[in-house]
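What follows is the residue order along each chain.
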Amino acid sequence: MEEATIAFPIGDQPRLAALELLRLVRDDGAYANLALPQVLRKYKLNGRDAAFTVELAYGVLRNQILYDAMAQNCSTRALVDVEPEVVDILRLGIHQIYAMRVPDHAAVDTCGSLARVTSRGKDASHVKARVGFVNAVLRCITRTEFDLDTLSLGNRYSHQDWIVSAFEEALERNGLASSELERLLIANNMAVDPVIAVREGEKDIPGTIPGRWSEQARILCDVIPLDVEQVRDGSAIVQDEGSQLVAQAFLLAQPTGAESAWLDMCAGPGGKAALISDSVPAGVEFIAVELHQHRVDLMSKIVGPAASLITGDARERPWGNRFFDRVLLDAPCSGLGALRRRPEARWRKTKRETLALTDLQEDLLLSAIDSTRIGGVIAYVTCSPYVQETWAVVESVLEARSNVQLEDARGLFPGVSDLGEGPYVQLWPHIHGTDAMFFALLRRV
Ligand SMILES: C[S@@+](CC[C@H](N)C(=O)[O-])C[C@H]1O[C@@H](n2cnc3c(N)ncnc32)[C@H](O)[C@@H]1O
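None of these values were measured; they are calculated from a predicted model.

### Concerning the side chain of Q230
Thought 1: Tracing the sequence through the fold places Q230 in helix α11 (residues 229-233).
Thought 2: In this structure Q230 touches E202, I205, S235 and A236, once residues within four positions along its chain are discounted.

In structure tokens, the structure reads:
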């Protein structure tokens, strides 16, 4: 068999990089946001080229179900029998045609080239068939009017059905109309700019604009985090505005009486602990606990000197028989509230694994209550609006313990609109422009 001679095209590194990122996510289980810097470095991409790669790869990861349905509609072969890399190339083409301002012919031609240049080592007839298939499917896509209204919301916005149901229930429980569901799914599919929390110094950073709610927030609309000097020197950290609001709410809480000790029970990698450590009053001890050593190591790089770090299981109270005035439990959770920032997460989550976390969340909350002094406060927080991880956990613990009461948390989010009827605070991407953080305020009585 004749082996095809392949030359890599000059100038299409951004598409090759996007394809490689998709492969790392698919085959190696990589997190797109963590694998991205190494891919950009390998292909020597920055500025607009890097942004193009991110838009392509993240767009595909977010819209996979929809794009596969479109590709299947235009394919004579079942997509499950097509090489995964070729399916990724089709998805990249569809994203360019449907969601980016790439002219149809350029999207089709560049994807044909991708199919060719990634065929190294394959014989010429295989390469020809591969390129022909990509061209045929994408040309059909450019000619076809898809009626998206016939699709379920899960298919149209590429969310697993159980996740759509989870959001539907959470919106309803928070008194929001069912019409909000589509807006939420759309918000989860939007590209979002990184946000930083400025911990000290000048906030007016070039390439950034102020956040919507948090005084510390700057939105990076024209720069990437590593281009910002304050991020490099640690005086700013990358952190969604919802997480900043949670740290600030914790600081605004009002235990009765004098204070001497604060606890962050599940603190790694340390974003909220960092902001809290900046504001610990003199004479108050702040302990940050985390189960995994590598996350403690990450945390040690960003928390201020006011924090003491402990590696351990917070259910076993590695801080001993001490009692705290304030306890933050930012519980391990599904992360369903941050789908817009972790584009592949929506495919990896299963309902079973998510529900399996609720026992851990309850045990951690009981441990928090047992280590809070009378009059002290406990903030139970998740980066998920899923009712099983939020309301259900708090209510089950309230039933089990009579020495704790639920308080209205809305006053701890001054200036933030649309907080509903309380007592819980639930932030939403489509309403607040933040991750969907949940915050419950409990007091030891
Ligand atoms: C939602 S994250 C916390 C994020 C953190 N508060 C921040 O702002 O960066 C939950 C953390 O809890 C840790 N964790 C899970 N089980 C734990 C346990 N039993 N005890 C202590 N930490 C635990 C996880 O490793 C994870 O780092």
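Resuming the write-up.
### Re the pattern of salt bridges
Thought 1: Per the counting criterion, the structure on display carries 27 salt bridges.
Thought 2: The residue D149 makes a salt bridge to R156 at a minimum N-O spacing of 3.8 Å.
Thought 3: For D149, a relative accessible area of 61% puts it in the exposed group.
Thought 4: Note that E182 and R156 form a salt bridge whose closest N and O atoms lie 3.1 Å from each other.

### Here we look at the confidence of the model for the protein
Thought 1: On average, the protein scores 94 in pLDDT, and the residues at 70 or more come to 98%.
Thought 2: Taken together, the stretch residues 1-10 has pLDDT below 50 and engages in 18 contacts with residues farther than four places along the chain or on a different chain.

### With respect to the environment of S384
Thought 1: Positionally, S384 belongs in the loop between β9 (372-382) and α17 (391-400).
Thought 2: Distance in space between the C-alpha atoms of S384 and A436 is 5.8 Å, their sequence separation being 52 residues.
Thought 3: Contact partners of S384, with chain neighbours within four places excluded, come to C333, S334, G335, L336, G337, E389, T390, Q426, A436 and F438.
Thought 4: Polar side-chain contacts of S384 include one of 3.3 Å to the side chain of S334.

### Quick look at the domain arrangement of the protein
Thought 1: Domain parsing of the protein yields domain 1 (13-150), domain 2 (195-238) and domain 3 (241-444).
Thought 2: Spacing between the C-alpha centres of domain 2 and domain 3 amounts to 24 Å.
Thought 3: Taken together, the contact pairs eleven residues of domain 2 with 20 residues of domain 3.
Thought 4: Taking both sides of the interface into account, the surface hidden between domain 2 and domain 3 amounts to around 1,200 Å²; carbon and sulfur atoms contribute 48%.
Thought 5: Of all residues in domain 2, the largest losses of buried area upon contact with domain 3 belong to R199, W213 and I237, amounting jointly to 54% of the total for that side.
Thought 6: Put simply, domain 2 and domain 3 have one salt bridge between them.
Thought 7: Its salt-bridge partner being D278, residue R199 comes within 2.8 Å of it at the nearest N-O pair.
Thought 8: Joining domain 2 to domain 3, the criterion identifies 14 residue pairs in polar contact (both at pLDDT 80 or more).

### Description of the nonpolar core
Thought 1: Among the nonpolar cores identified, the biggest contains 53 residues, and L90, L92, V134, L138 and I141 are the most heavily contacted of them.
Thought 2: Going through the elements one at a time, α1 (13-28), α2 (32-42), α3 (47-62), α4 (64-73), α5 (84-99), α6 (104-117) and α7 (124-143) are the ones with two or more residues in this core.
Thought 3: Residues contacting L92, with those up to four places away along its chain left out, are R15, A18, L19, L22, L56, V60, C111 and L114.
Thought 4: Grouped together as the second largest cluster of nonpolar side chains are 47 residues, L171, C266, L366 and W428 included.

### Examining the state of the cysteines
Thought 1: All chains considered together, the criterion is met by one disulfide.
Thought 2: Between the sulfur atoms of C74 and its disulfide mate C140 the distance is 2.1 Å. When the S-S torsion is -70°, as for the bridge of C74 with C140, the disulfide is left-handed. With a gap of 66 residues between them, C74 in the loop between α4 and α5 and C140 in helix α7 connect regions that are remote in the sequence.
Thought 3: Unpaired in this structure, C266 has its nearest cysteine sulfur neighbour in C333, at a distance of 10 Å.
Thought 4: A residue is classified by how much of its surface remains accessible, and C266, at 15% relative accessible area, is buried.
Thought 5: No disulfide involves C383; its nearest neighbouring cysteine sulfur is the one of C333, lying 5.6 Å away.
Thought 6: Accessibility expressed as a relative area gives 12% for C383, which makes it buried.

What counts as what
Residues numbered from 1 in each chain as written. Predicted model: local features only at pLDDT ≥ 70, side-chain atom pairs only at ≥ 80, totals over all residues. Heavy atoms only, no water. Helix = DSSP H or I, 4+ residues; strand = E, 2+ residues; numbered from the N terminus. Contact = heavy atoms within 4.5 Å. Salt bridge = Lys/Arg side-chain N within 4 Å of Asp/Glu carboxyl O. Buried < 20%, exposed > 50% of the residue type's maximum accessible area, 1.4 Å probe, protein only. pLDDT = per-residue confidence, 0-100. Polar contact = N/O pair within 3.5 Å; in protein donor to acceptor, adjacent residues only side chain to side chain. Domains from an automatic or database assignment. Buried area = accessible area lost by both parts, 1.4 Å probe. Core = buried A, V, L, I, M, F, W, Y, C linked by side-chain atoms within 4.5 Å. Disulfide = S-S within 2.5 Å.

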